[in-house]
Amino acid sequence: DRSVCNIPFVTPSKDLDAKFVAEADALGFKNIKGHRSVGGFRASTYNACTIEDVKALVAAMQEFEAKHI
């Protein structure tokens, strides 16, 4: 079973993965990179995460997609 508090996602390529990590980090999204053996990304939305945090991540993801994909 997987936690519903963890949101896994991927980009189409390893190059975009690296760009997303860098851009996310610059925006303050830390430790978003997924498990080293699985890859991709994982956003954790546990108790301390507010709806504003989630909206900020969604906006960052949408901006990244518009710019790179």
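Everything below is about the structure shown above.
Being a predicted model, the structure only gives us computed values, none of them experimental. (Residues numbered from 1 in each chain as written. Predicted model: local features only at pLDDT ≥ 70, side-chain atom pairs only at ≥ 80, totals over all residues. Heavy atoms only, no water.)

K.L.:
Can you walk me through the packing of aromatic side chains in this structure?
P.N.:
Any pair of aromatic rings gets described here by the distance separating the centres and the angle formed by the planes. Here the structure, examined in full by the defined rule, presents four aromatic pairs. Seen in terms of ring centroids, Phe9 and Phe20 are 5.7 Å apart; in terms of plane orientation they differ by 90°. Their pairing is edge-to-face. Taken together, the residues Phe9 in strand 1 (residues 6-9) and Phe20 in helix 1 (residues 14-26) connect sequence positions 11 residues apart. Both residues of the pair, Phe9 and Phe20, count as buried. Residues Phe20 and Phe64 carry aromatic rings whose centres are separated by 5.1 Å and whose planes lie at 85° to one another, so their mutual orientation is edge-to-face. Linking Phe20 in helix 1 with Phe64 in helix 2 (residues 51-68), this pair joins segments that are 44 residues apart in sequence. Here a set of aromatic residues connected by ring pairs shows up, and it is made of Phe9, Phe20, Phe41 and Phe64. (Phe/Tyr/Trp six-rings, centres within 6.5 Å; stacked < 30°, edge-to-face > 60°. Helix = DSSP H or I, 4+ residues; strand = E, 2+ residues; numbered from the N terminus. Buried < 20%, exposed > 50% of the residue type's maximum accessible area, 1.4 Å probe, protein only.)

K.L.:
Explain the state of the cysteines to me, please; I cannot follow it from the model alone.
P.N.:
Simply put, disulfide is the name for a covalent bond between the sulfur atoms of two cysteines. Inspection of the entire model under this criterion finds zero disulfides. Of all cysteine sulfurs in the structure, the one in Cys49 sits closest to Cys5, which takes part in no disulfide; the separation is 9.1 Å. The partly exposed category is assigned to Cys5, whose relative accessible area is 23%. (Disulfide = S-S within 2.5 Å.)

K.L.:
Please explain unusual backbone geometry as it appears in this structure.
P.N.:
In terms of backbone geometry, most residues other than glycine have negative phi values and most peptide bonds are trans. With a phi angle near 55°, Asn31 is a residue other than glycine that sits in the positive phi range. Checked against the element boundaries, Asn31 lands in the loop between helix 1 and strand 2 (41-44).

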